[in-house]
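What follows is the residue order along each chain.
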Amino acid sequence: SQKIEQNSEALNIQEGKTATLTCNYTNYSPAYLQWYRQDPGRGPVFLLLIRENEKEKRKERLKVTFDTTLKQSLFHITASQPADSATYLCALSTNSGYALNFGKGTSLLVTP
Amino acid sequence: GAGVSQSPSNKVTEKGKDVELRCDPISGHTALYWYRQSLGQGLEFLIYFQGNSAPDKSGLPSDRFSAERTGGSVSTLTIQRTQQEDSAVYLCASIPAGGESRGTQYFGPGTRLLVL
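The model shown is predicted, which means the values in this text are computed figures rather than measured ones. (Residues numbered from 1 in each chain as written. Chains lettered and ligands numbered in written order. Predicted model: local features only at pLDDT ≥ 70, side-chain atom pairs only at ≥ 80, totals over all residues. Heavy atoms only, no water.)

Novice: Just checking my understanding: could you explain the state of the cysteines for this structure?
Specialist: Put plainly, two cysteines are in a disulfide when a covalent bond ties their sulfur atoms together. Residues and elements named next belong to chain A. In this structure the tally under the stated criterion is 2 disulfides over all chains. Covalently, Cys23 is tied to Cys90 through a disulfide, its sulfur atoms 2.0 Å apart. Note on the Cys23 and Cys90 pair: the S-S dihedral is about -60°, so by sign convention the disulfide is left-handed. With Cys23 in strand E3 (residues 19-26) and Cys90 in strand E9 (residues 86-93), the pair connects residues that are 67 residues apart, well separated along the chain. The exposure class of Cys23 is buried, given its relative accessible area of 0%. A residue is classified by how much of its surface remains accessible, and Cys90, at 0% relative accessible area, is buried. (Disulfide = S-S within 2.5 Å. Helix = DSSP H or I, 4+ residues; strand = E, 2+ residues; numbered from the N terminus. Buried < 20%, exposed > 50% of the residue type's maximum accessible area, 1.4 Å probe, protein only.)

Below, the structure is given as structure tokens:
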């Protein structure tokens with residue numbers, strides 16, 4: 001069966017460190033992989049999109065890698081800040097169908 | 001500019017009642033999605049509208065769920081004879097015209113539905 005797995009345990013890190021979140025998938029051939037941020041009581045907010053033929057994408061303090069051999073994406077936040085505390089969602093889309101398939105998300109807590 | 005808006009923000013209803021949830025996408029956005037997010041679960045795709053094409057209803061969990069999109073803009077998700085397991089946050093998202101259908105989605109704040 002198709003699965004998108006993100007660490008269910010919350011990630012606690014100290015301000016200034018790099019946070020690394022993992023997204024693993026099985027039985028998908030994703031054309032795109034996206035990362036979203038979700039704060040309590042709010043809808044997800046788009047952060048980054050990476051295509052199947054791209055290895056890495058950066059945006060300010062954010063970096064996403066995409067390894068289609070390992071079937072894994074890593075999401076990095078460098079110089080993390082308490083304001084980065086949120087739940088981060090990984091989402092895949094394929095070339096068939098229009099839905100985004102989401103993981104359950106990983107909660108990140110950055111402490112001062 | 002204005003983002004995706006949803007109403008009501010919260011809805012409490014009794015089991016067996018019908019509910020209507022509304023989504024106003026960003027002006028000019030042609031694609032619209034509905035998702036459901038249950039406590040501790042990921043977002044579950046429900047239905048997708050793109051322009052005047054027939055909607056993709058493959059994610060609707062039962063025939064109690066239906067959705068319409070009038071005039072290519074506002075969408076209404078209707079749940080008939082609500083059950084307690086329908087309790088969740090219902091999220092709407094839209095994509096701009098010309099945007100990749102599998103690309104960036106702009107989400108509304110959601111409607112929190114509680115069925116007693």
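Now that the structure has been shown, the text picks up again.
Novice: What exactly am I supposed to notice about the interface of chain B and chain A here?
Specialist: For an interface, size is often stated in terms of accessible area lost upon the parts coming together. Counting residues at the interface gives 21 residues for chain B and 22 residues for chain A. Both faces combined, the contact of chain B with chain A buries some 1,700 Å², and carbon together with sulfur accounts for 53% of it. Inspection of the chain B/chain A interface yields 4 residue pairs in polar contact (both at pLDDT 80 or more). Mapped by element, the contributors of at least two residues to the side of chain B that touches chain A are strand E4 (29-37) and strand E5 (43-50) of chain B. Within the side of chain B that touches chain A, the residues separate by chemical class into 8 nonpolar, 9 polar and 4 charged. (Contact = heavy atoms within 4.5 Å. Buried area = accessible area lost by both parts, 1.4 Å probe. Polar contact = N/O pair within 3.5 Å; in protein donor to acceptor, adjacent residues only side chain to side chain. Nonpolar A, V, L, I, M, F, W, Y, C, P; charged D, E, K, R; others polar.)

Novice: Please clarify how the sheet that holds strand E3 (residues 19-24) of chain B should be interpreted in this entry.
Specialist: All names here are of chain B. Spatial strand order, E1-E3-E7-E6: 4 strands in an open sheet with antiparallel pairing. Two strands lie at the open edges of the sheet, namely strand E1 (5-7) and strand E6 (65-69), each paired on one side alone. Here the average twist between neighbouring strands, direction ignored, is 15°. Bridge count for E6 against strand E7 (residues 75-79) is 5 bridges, and the pairing is antiparallel. What sits directly across from Glu68, in E7, is Thr76. (Pairing = 2+ DSSP bridges. Axes fitted to C-alpha atoms, helices over the stretch in contact; angles between N-to-C directions.)

Novice: Would you mind showing me how to read the environment of Asn24 of chain A here?
Specialist: Residue and element names in this part refer to chain A. Take Asn24: it is sitting in strand E3. For the pair formed by Asn24 and Gln72, sequence separation is 48 residues and the distance between their alpha carbons is 4.5 Å. Every residue in contact with Asn24, bar those within four places of it in the chain, is listed here: Lys3, Ile4, Glu5, Lys71 and Gln72. Within polar-contact distance, the side chain of Asn24 engages the side chain of Gln72 at 2.9 Å.

Novice: In this structure, what is going on with unusual backbone geometry? I would like to understand it.
Specialist: Trans is the prevailing form of peptide bonds, just as negative phi is the prevailing case for residues other than glycine. Residue Pro8 of chain B follows Ser7 of chain B across a cis peptide bond; omega there is -10°. Relative to the helices and strands, Pro8 of chain B is located in the loop between E1 and strand E2 (10-13). With a phi angle near 60°, Asn27 of chain A is a residue other than glycine that sits in the positive phi range. Within the fold, Asn27 of chain A resides in the loop between E3 and strand E4 (32-38). Here Asn27 of chain A falls in the exposed class, since its relative accessible area comes to 51%.

Novice: How do you make sense of the nonpolar core when you look at a structure like this?
Specialist: Leu33, Trp35, Phe75 and Tyr88 of chain A are the most contacted members of the largest nonpolar core, which totals 23 residues. Elements represented by at least two residues in this core include exactly E3, E4, strand E5 (45-51), strand E7 (62-67), strand E8 (72-77), E9 and strand E11 (106-111) of chain A. Ranked by size, the runner-up nonpolar core spans 20 residues in total, among them Ile26, Leu77, Cys92 and Val115 of chain B. (Core = buried A, V, L, I, M, F, W, Y, C linked by side-chain atoms within 4.5 Å.)

Novice: Any chance you could explain the pattern of salt bridges here in plain terms?
Specialist: Side chains that differ in sign of charge can pair as their charged atoms come close. Under the criterion given, the structure shown has 7 salt bridges over all chains. With a shortest N-O distance of 2.9 Å, Asp84 of chain A and Arg61 of chain A are connected by a salt bridge. Of the two residues, Asp84 of chain A is situated in the loop between E8 and E9 and Arg61 of chain A in the loop between strand E6 (56-59) and E7; the sequence distance between them amounts to 23 residues. Residue Glu44 of chain B is joined to Arg36 of chain B by a salt bridge in which the shortest nitrogen-to-oxygen separation is 3.1 Å. (Salt bridge = Lys/Arg side-chain N within 4 Å of Asp/Glu carboxyl O.)

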